[in-house]
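Listed below are the residues making up each chain.
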Amino acid sequence: MNPQAKLIFIISLLLGTTITISSNHWVMAWTGLEINTLAILPLISKSHHPRAIEAATKYFLVQAAASTLVLFSSMTNAWSTGQWDITQMTHPTSSLILTAAISMKLGLAPFHFWFPEVLQGSPLMTGLLLSTVMKFPPITLLYMTSQSLNPTLLTTLAILSVALGGWMGLNQTQTRKIMAFSSIAHLGWMAIILIYYPKLTLLNFYLYAMMTAAVFLTLNSMKVLKLSTLMTAWAKAPSLSTILLLTLLSLAGLPPLTGFLPKWLIIQELTKQDMAPAAIIISLLSLLGLFFYLRLAYCATITLPPHTTNHMKQWHINKPINPSIAVLTTLSIMLLPISPMLATII
C-alpha cells in the first residue's frame, strides 16, 4: 500500500476516534464512528486476497447496521425526551436498541459472529487495530450512557460472551482467530462491571489493549499465523517466544502478572454489589480461556517440533527486539505490585 495513503487512513482513524470520544451530541459521535469504519476498510482489504475482501465486506455490513441502530436509538430518545445529549439517554427502548448496536460494534455475544472471520481475513497489524483502537469509541459511548443501561441485559451478554469466547477458542489453530475469541471473552469482563463501576471497565480495556498489542506485535515479528508455525519458532527467536509465553499468561489472568489485576478488582466489586453468583460463573468460565492461552504458550515454548514437520526450519537470527514489544511486555507482566496506586486513581 502507498505510504501516503496508509498515513491518511491512520490519521482518519485517530480523527474518528477523537471525534467520538470527545463529543456530547449523538450525531457527532455517529460521524466519528463512520469515519473510523471507512478508514479501516482499506487496511483490512489491502492484500487483495479474496478472504481479505470478504472480511472487509462483512465488516462494512455489520458496522453499517450497527451505526444505523445507534442513530435510530438516539433519534428515538430525542423524539421522546427532546435531548440529543449522549449522557441523557433516558428512554428505556432507546437504551435497549443502543446496547444491541454497541454490542454489534464491539463483537459482544450473541453479535460476535463477524469478528473472528474479519480478524482472520486481516493482516496481523490491522487485526491489532481492530482488537484495540476500533473498540475504544464504542466502549466510551457505553461508559457515557452506563447509568441508563439495563443491568440484567448487560450481565447476560457478558456471561454469554465469556462462555462463547472461551468455548469457541478451544479448537482453533489460527492465532488470529484465537485472539478474536480472547477479545470476545475480555469484552464480557468489561461489560459485566460497566453499570456498577464504569471506570473499572476503562481500566480493564486499557490493560487488555496493552497486553493484546504485545501479543500481536510479537506474533508479527515472528511472522506466525498458525500454531504449527509457532511450534518451529523457538529455534528462530527464543527471546520472542519467551516474551509471548509471559504475555499470554498475563492475558489469561494468572496472579503474579498484570492481567490478574482487572479480574481481581471486578470480582471484588461484583461481590460488593451482591452479585457473587455472577462472579463465580464468570470466573469459572474464564478457565476455558486459560486453556487455549496455555495451549498457545505450550506450542510457543515447551514443545519441540517433530522431526518430520512439513514446515521449513527457520534460521536463528540475531535481529534486535522492537523496543515497543519490550516496553509493552514489561507493562504486561509487572503492573500488579502497583495495583493499590491504580485502585486509588480510579
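What comes next is a walk through the structure. Starting from 1, residues in each chain are numbered consecutively following that chain's sequence as written. It should be noted that, the model being predicted, local features are given only for residues of pLDDT at least 70 and side-chain atom pairs only at 80 or more, the latter also being counted only at that level, while totals for whole chains, interfaces and linings use all residues. Note that the side-chain values use all heavy atoms of the structure and ignore hydrogens as well as water.

1. Things to note about the overall build of the chain
Counted only if it meets this: Only runs of H or I of at least four residues qualify as helices and only runs of E of at least two qualify as strands under DSSP, and these elements are numbered from the N terminus. Only C-alpha atoms enter the radius of gyration; for comparison, a globular chain is expected to reach 2.2 Å times N to the power 0.38, where N is the number of residues. For each residue, the accessible area found with a 1.4 Å probe, counting protein chains only, is set against the maximum for its type, and the residue is called buried under 20%, exposed over 50%, and partly exposed in between. Whether two residues touch is decided by their heavy atoms; if any such pair falls within 4.5 Å, the residues are in contact. Using a 1.4 Å probe, accessible areas were evaluated by the Shrake-Rupley method; residue-level cover was limited to the displayed protein chains. By the counting scheme adopted, Arg and Lys are positive, Glu and Asp are negative, and His together with the chain ends is not counted. Here the site of a charge means atom NZ of a Lys, CZ of an Arg, CG of an Asp or CD of a Glu.
What the chain contains, in helices and strands, is 17 helices and zero strands. Computed over the C-alpha atoms, the radius of gyration of the chain is 20 Å, within 12% of the 20 Å expected from 2.2 N^0.38 for a compact globule of 346 residues. Taking the principal axes of the C-alpha coordinates as reference, the chain spans close to 70 × 50 × 35 Å. Burial analysis of the chain (346 residues in total) assigns 53% to the buried set. Across the chain, contacts joining residues at least 24 apart in sequence account for 77% of those joining residues at least 6 apart. Accessible surface, the chain: about 15,100 Å² in total, of which carbon and sulfur atoms supply 72%. Charged side chains of the chain number 17 positive and 6 negative; the gap between the two group centres comes to 19 Å.

2. Side note on unusual backbone geometry
Cis rather than trans, the peptide bond between Ala109 and Pro110 has omega equal to 5 degrees. Checked against the element boundaries, Pro110 lands in the loop between α4 (92-106) and α5 (114-121). Even without glycine at this site, His48 takes up a positive phi of about 60 degrees. Its location among the elements puts His48 in the loop between α2 (26-44) and α3 (50-81). For His48, a relative accessible area of 65% puts it in the exposed group. Positive phi, close to 55 degrees, is recorded for Lys223, a residue that is not glycine. Mapped onto the fold, Lys223 is located in the loop between α10 (198-222) and α11 (227-231). Its relative accessible area of 56% is what places Lys223 among the exposed residues.

3. A closer look at a nonpolar patch on the surface
Using the following cut-off: Only residues whose relative accessible area exceeds 30% and that take part in no salt bridge are eligible for patches, with like-charged residues grouped when within 9 Å of each other and nonpolar side chains (Val, Leu, Ile, Met, Phe, Trp, Tyr) grouped when within 5 Å. Salt bridge criterion: a side-chain nitrogen from Lys or Arg within 4 Å of a carboxyl oxygen from Asp or Glu.
Residues Val27, Met75 and Trp84 make up a contiguous nonpolar surface patch of about 250 Å² in total accessible area. Positionally, Met75 belongs in helix α3. Here Met75 falls in the partly exposed class, since its relative accessible area comes to 46%.

4. Quick word on the environment of Leu248
By the element assignment, Leu248 lies in helix α13 (residues 238-252). A sequence separation of 94 residues divides Leu248 from Leu154, and the C-alpha atoms of the two residues are 27 Å apart. Beyond its immediate chain neighbours, meaning those up to four positions away, Leu248 contacts Val215, Tyr293, Leu296 and Ala297.

5. Re the environment of Asn77
Following the sequence through the fold, Asn77 ends up in helix α3. Sequence separation between Asn77 and Thr93 is 16 residues, and the spatial gap between their C-alpha atoms is 8.2 Å. With residues up to four places along the chain from it excluded, the contact list for Asn77 reads Gly82, Gln83, Gln88, Met89, Thr90, His91 and Ser94.

6. Quick look at the nonpolar core
Inclusion rule: In plain words, nonpolar cores are sets of buried Ala, Val, Leu, Ile, Met, Phe, Trp, Tyr and Cys residues tied together by side-chain atoms within 4.5 Å. The source of the domain bounds is an automatic or database domain assignment.
Core analysis: the largest hydrophobic core is formed by 100 residues, its most contacted members being Ile40, Ile44, Tyr59, Leu130, Leu141, Ile192 and Leu230. Counting residues domain by domain, this core receives three or more from each of domain 1 (1-147) and domain 2 (150-345). Apart from residues no more than four positions distant in its own chain, Tyr59 is found in contact with Thr37, Ile40, Leu41, Ile44, Trp114, Val118, Leu130 and Met134.

7. Considering the pattern of salt bridges
Going through the model one piece at a time under the given rule, you end up with three salt bridges. The partner of Glu117 in a salt bridge is Lys58, with the nearest N and O atoms 4.0 Å apart. Of this pair, Glu117 sits in helix α5 while Lys58 sits in helix α3, placing them 59 residues apart in sequence. What makes Glu117 partly exposed here is its relative accessible area of 34%.

8. Some thoughts on the side chain of Lys135
Relative to the helices and strands, Lys135 resides in the loop between α6 (124-131) and α7 (136-144). With residues up to four places along the chain from it excluded, the contact list for Lys135 reads Leu106, Phe115, Leu130, Ser183, Leu187 and Phe205.

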